[in-house]
Amino acid sequence: MIWKPHVTVAAVVQRDGKYLLVEEETESGLAFNQPAGHLEEGEALVDAVVRETLEETAYDFRPTHLVGVYHWHHPVKDITYLRFAFAGELRGHHPERRLDDGIVAARWLTLDEVRATQERHRSPLILRCIEDLAAGRRYPLDLLVHYA
């Protein structure tokens, strides 16, 4: 077997002092995550985060910056994730749109609420990405190059 990390993308969206999260069903019960998911074959990272955000929240997301690249090993599942987190803006909402299976709802939480719900986070990356965005970490998207 060849080892490889799971490449994921996440949208870190702040509006009016609150952060966009999704509440989703997991093996451990309801959990919070950023709108996030796996990179699909042949897909550019920026396209993946736009797709995942729409699928999980019904919001049109336009990435403007890279917040960071995060390497995390899930201690129970023995899976390594390589997460590309993007900041950006919302351009529209489609409330009639059906959300991905397992997604209960999109939720807006303050930073204090995000911190208070850490025991329900899918990973420690959720709070870390938000804190990095709040600290001003923003890298240009042209740092990422996609050859089709």
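The notes below deal with the structure included here. (Residues numbered from 1 in each chain as written. Predicted model: local features only at pLDDT ≥ 70, side-chain atom pairs only at ≥ 80, totals over all residues. Heavy atoms only, no water.)

## Some thoughts on the pairing of strand S1 (residues 6–12)
Here is step 1 of the chain: Among the seven residues of S1, five are classified as buried, and the element is accordingly described as predominantly covered.
Here is step 2 of the chain: Looking at chain direction, S1 and strand S7 (residues 79–93) are connected through seven bridges and run parallel. Each bridged residue has a counterpart across the sheet, and for Val7 the counterpart in S7 is Leu82.
Here is step 3 of the chain: Where S1 and strand S5 (residues 36–38) come together, three bridges link them in antiparallel fashion. Paired with Ala10 across the strands is Ala36, a residue of S5. (Buried < 20%, exposed > 50% of the residue type's maximum accessible area, 1.4 Å probe, protein only. Helix = DSSP H or I, 4+ residues; strand = E, 2+ residues; numbered from the N terminus. Pairing = 2+ DSSP bridges.)

## Topic: the packing of aromatic side chains
Here is step 1 of the chain: Throughout the structure, instances matching the rule amount to two aromatic pairs.
Here is step 2 of the chain: Between the aromatic rings of Tyr59 and Trp108, the centroid separation amounts to 6.1 Å while the plane-to-plane angle is 85°, which identifies the pairing as edge-to-face. Of the two residues, Tyr59 is situated in strand S6 (residues 59–74) and Trp108 in strand S8 (residues 103–110); the sequence distance between them amounts to 49 residues.
Here is step 3 of the chain: With relative accessibility at 10%, the residue Tyr59 sits in the buried group.
Here is step 4 of the chain: Judged by its relative accessible area of 22%, Trp108 is partly exposed.
Here is step 5 of the chain: Aromatic pair Trp72 and Tyr81: ring centres 5.9 Å apart, planes at 20°, arrangement stacked. Tyr81 shares its class with Trp72; the two are buried. (Phe/Tyr/Trp six-rings, centres within 6.5 Å; stacked < 30°, edge-to-face > 60°.)

## Points about the sheet that holds S5
Here is step 1 of the chain: Taken together, four strands build an open sheet; the order of strands is S5-S1-S7-S6 and the sheet is mixed. Of all the strands in the sheet, just S5 and S6 have a single pairing partner and so form its edges. Taken over all neighbouring pairs, the strand axes of this sheet differ in orientation by 25° on average, direction set aside.
Here is step 2 of the chain: Helix H1 (residues 45–57) rests against S1, S5, S6 and S7 of the sheet, and its axis sits at about 100° to S6.
Here is step 3 of the chain: Packed on one face of the sheet, helix H3 (residues 125–134) meets S1, S6 and S7 and runs near 125° to S6. (Axes fitted to C-alpha atoms, helices over the stretch in contact; angles between N-to-C directions. Contact = heavy atoms within 4.5 Å.)

## Quick word on the pairing of S7
Here is step 1 of the chain: As paired elements, S6 and S7 share 14 bridges and run antiparallel to each other. Each residue of the ladder has a partner; that of His73, found in S7, is Thr80.
Here is step 2 of the chain: The hairpin turn running from S6 into S7, its antiparallel successor, is four residues long, and Asp78 in that turn takes a positive phi close to 55°.

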